[in-house]
Amino acid sequence: MGEYDVVVVGAGHAGCEAGLAAARIGCETLLLSMNLESVAMMPCNPSIGGTGKGHLVCEIDALGGEMGLNIDKTFIQSKMLNTSKGPAVHSLRAQADKTRYHLEMKKTIENEERLSLKQAEVVDLIIDDGAVCGVVTRTNSIYLCKAVIMCTGTFLAGKVFIGESAYYSGPSGLAPSMELADKLHEYGLPMRRFKTGTPARMLASTLDYDKMKQQDGDEEIIPFSFMNEGEKLGRNQISCWLSYTNSDTHRIILENIERSAMYSGNIVGVGPRYCPSIEDKVSRFKDRDRHQLFVEPEGLDTEEMYIQGMSSSLPEDIQEEFYHTIPGLENAEIVRPAYAIEYDCVDPTTLKPSLESKLIDNMFCAGQFNGSSGYEEAAAQGLIAGINAARKINGENPLVLGRNEAYIGVLIDDLVTKGTMEPYRIMTSRAEFRLILRQDNADRRLTEIGYEYGLVSDERYSKFITKKKLVDGEIERLRNKYAEFSKLNEFLASQGSHEATNNNITFYDLLRRPEISYEALKVIDDETRPELNRAERYEVEVRIKYAGYIDKQLAQVEKMKKLENKKLPENINYNVINGLRLEARQKLSEINPISIGQASRISGVSPADINVLLIYLEKERRSNERSERNEYEG
Ligand SMILES: Cc1cc2nc3c(=O)[nH]c(=O)nc-3n(C[C@H](O)[C@H](O)[C@H](O)COP(=O)(O)OP(=O)(O)OC[C@H]3O[C@@H](n4cnc5c(N)ncnc54)[C@H](O)[C@@H]3O)c2cc1C
Ligand SMILES: NC(=O)c1ccc[n+]([C@@H]2O[C@H](COP(=O)([O-])OP(=O)(O)OC[C@H]3O[C@@H](n4cnc5c(N)ncnc54)[C@H](O)[C@@H]3O)[C@@H](O)[C@H]2O)c1
């Protein structure tokens, strides 16, 4: 039916980024989805971002991906979370209009040069000499290609559970992908069974809003994309609502717990620890007398409300009973019941850091297929898989982001190095260099890389360079500029700064005081102060206020880099290296790390094993040097 450079299987959040990235880099790309209604579909929470996830979206954007731009077009409420904590964990979260999010992404894909979107179910791969070179669809069409990107999400052998009922299905009543799942097992890919769940949806007009607490978005809109300015994006259009479970809710759930598919033993898949079902929360945290839940509109043109925090696999009659005990939901009409879904995914330790399979050449993998959970995690991997499929075709080295460069680096390194026994969710606590991996500096960390790899447009790049120059210039100006002594102590007192000074002091040092903001300095600053926008002012302030901590972290990064730069050859035979423990030999052979740094993060590889590897590398280096010299001399 056709020949392409890249075929992407699945047009969820991973597949959309993968397809766009490969096409933007110059590959003729085909994006196949079982159903075009599932393009960038949100089968669960109608929101993008949140703790850790907001960071991923900013990074995707800085590299030239689409998720940030798409949510900026379609958000209906925006909120910065964790503002009472340090800037490292500030996380942007936006409610999306679910349907508009899907339609806007579909439109972007439809209008992208070199990218074709088609509805088709892939049922098999064509593999020649260990490398994938095409796909076969249910209607026996064959598409040949140089690389395939697997992004099948929760559809692969999807099975839905509601109480005692269980049936094969994809999410939201869509068809599951069964044949492809069988083929992947046949090809010997080590597959896993994971599960996830979603709460009920309720009819907005049947809720009692007087009994719930209104949750409005922020006054000031902060965009996800570095290309946008908040003031131009529109405003918050909806409210969310906060309510709580109570002892009646918990009693009903506990009395019927055996009827939950999770507890009856029907579900074999492992669920996400950090998005537990309400059954899990009530049974695991028995001392808690209530759990909070948010009622969130799914869009502007629908009456459906999402009940965040209350996913379940209890039967429908029990769902009716326990949801109705919640203040505000007493008379709620359930329009879609909560359900759990089990699906197949691959063991991510069988992937290289480029996201290419170690078992089938030219097959790249991304998203829920790799054992992660979440739209943002999926999109981040999709982007990298798209870039690396294109680079492999062009004979170039893959893009592998370090743990010090991006949350995307942390996410992929965790998956391919440590593996995961449950759906993996990103969290700020998973990153060791949080203070340098902030949302606000994602452009500084990644836009040049995106430009070099061919994804960032000239327009984005020049916007970034202008911002960089402005911010760096302003920091330099503040470092060299002294406050006028006659105005100083009066200013300090006005800011509640008790530490008066008898010395001259620079604006830079003034700004290091926690109680003094960049904005406040304006009154003692003169006309040389440049006009900065919100993002630029924020970056200036954070970089000065946290300079000490940031420098400390950068020094740690330098240490880590030494280990990351010590590359391990791909064909190393760990079984013949003396001194390695048996477990280390097995794990190192399985993961085949690319560097000493990656090796040191494999569970089961001890510091003593790392020393053995370092000695081995040094011996190899000397022996290579000797043979080179001998060759030269003789
Ligand atoms: C019930 C439920 C609850 C969830 N809860 C949340 C949540 O609250 N928040 C959250 O962020 N994430 C949640 N998730 C997970 C979230 O949906 C995924 O993490 C995210 O959508 C994964 O993106 P993806 O691109 O990997 O896969 P998906 O979005 O699932 O997309 C898969 C795509 O692959 C296509 N496809 C599959 N097989 C084939 C085939 N053989 N041939 C052609 N096309 C194929 C599908 O049509 C679809 O387009 C939930 C998922 C479900 C179903
Ligand atoms: N819910 C599930 O069953 C499930 C299953 C799989 C994956 N996930 C993952 O979970 C993420 C969604 O997780 P979640 O359900 O924990 O929600 P979330 O990550 O969006 O977090 C919700 C939290 O956001 C805060 N919040 C602030 N303002 C809010 C508002 N107006 N409305 C709602 N919450 C507000 C609250 O602290 C609340 O606890 C997805 O990104 C996905 O990765 C969830």
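Given the structure is predicted, the values throughout are model-derived calculations rather than measurements. What you see as residue numbers is a count from 1 along each chain, following the sequence as written. For naming, the first written chain is A and the first written ligand is 1, with later ones following in the order written. Reporting in this predicted model follows two pLDDT cut-offs: at least 70 for local features of residues, and 80 or more for side-chain atom pairs to be given and counted; totals over whole chains, interfaces and linings ignore these cut-offs and use all residues. As a rule here, side-chain values come from all non-hydrogen atoms in the structure, and water together with hydrogens is ignored.

K.L.:
Account for the domain arrangement of the chain, with residues named and values stated.
P.N.:
Throughout the structure description, domain borders are defined by an automatic or database domain assignment. Under the domain assignment, the chain is made up of domain 1 (2–193 + 345–452), domain 2 (201–341), domain 3 (467–552) and domain 4 (566–633). Inter-centroid distance (C-alpha atoms) of domain 1 to domain 2 is 26 Å. Taken together, the contacts link 50 residues of domain 1 with 51 residues of domain 2. Two parts placed together each lose some accessible area under a 1.4 Å probe, and the buried area is that loss summed for both. Contact with domain 2 buries area across many residues of domain 1, yet Asp72, Ile76 and Phe161 alone supply 16% of it, more than any other trio. A carboxyl oxygen of Asp or Glu within 4 Å of a side-chain nitrogen of Lys or Arg is what we treat as a salt bridge. Here domain 1 is connected to domain 2 by 3 salt bridges. Any pair of N or O atoms that falls within 3.5 Å is considered a polar contact. Within protein, one atom must be able to donate a hydrogen and the other to accept it, and sequence-neighbouring residues count only if both atoms are side-chain atoms. The interface formed by domain 1 and domain 2 includes 22 residue pairs in polar contact (both at pLDDT 80 or more). Taken together, the elements giving at least two residues each to the side of domain 1 that touches domain 2 come down to β4 (47–49), α2 (53–62), α3 (67–74), β5 (75–81), β6 (91–96), β12 (159–162) and α11 (442–452). We call Asp, Glu, Lys and Arg charged. Ala, Val, Leu, Ile, Met, Phe, Trp, Tyr, Cys and Pro are nonpolar, and the rest, Gly among them, are polar. Residues of the side of domain 1 that touches domain 2, tallied by class, amount to 23 nonpolar, 13 polar and 14 charged. Throughout, a contact is declared for two residues whenever any of their heavy atoms are within 4.5 Å. Where helices and strands are cited, they refer to DSSP runs of H or I of at least four residues and of E of at least two residues respectively, numbered from the N terminus.

K.L.:
Explain the site of ligand 1 to me, using residue names and the numbers behind them.
P.N.:
Near, as used in this document, describes a residue that has one of its heavy atoms within 4 Å of the molecule or strand being considered. Of all residues adjacent to ligand 1, which total 36 residues, the nearest are Ala14, Cys44, Val122, Gln368 and Gly374. For ligand 1, a nitrogen atom lies 3.2 Å from a polar atom in the backbone of Met34. Interatomic distance of 3.0 Å between a side-chain N/O atom of Ser177 and a nitrogen atom of ligand 1. Where accessible areas are quoted, they stem from the Shrake-Rupley method and a 1.4 Å probe; at the residue level, only the protein chains shown are allowed to cover. Contact with the protein chains covers 96% of the free accessible surface of ligand 1, which is 980 Å². Every element with two or more residues in the shell around ligand 1 is listed here: α1 (13–25), β3 (29–33), β14 (191–198), β21 (339–346) and α9 (375–393). A total of 3 residues in the shell around ligand 1 trace back to one element, the largest contributor, which is β14. Residues that form the shell around ligand 1 fall into these classes: 18 nonpolar, 17 polar and 1 charged. Taken domain by domain, the shell around ligand 1 gets at least three of its residues from each of domain 1 (2–193 + 345–452) and domain 2 (201–341).

K.L.:
Before we move on, can you summarise the site of ligand 2 with the specific residues and values?
P.N.:
Inspection of the region around ligand 2 gives 23 residues, with Lys53, Thr196, Gly197, Ser373 and Arg425 positioned closest. Arg93 is positioned with one of its side-chain polar atoms (N or O) 2.8 Å from an oxygen atom of ligand 2. In the environment of ligand 2, an oxygen atom lies 2.7 Å from a nitrogen or oxygen atom belonging to the backbone of Gly197. Against a free-state accessible area of 810 Å², the protein chains account for coverage of 84% of ligand 2. Elements supplying a minimum of two residues to the shell around ligand 2: β5, β6, β14, β18 (292–297) and β19 (304–308). Among the residues making up the shell around ligand 2, the classes are represented as 6 nonpolar, 11 polar and 6 charged.

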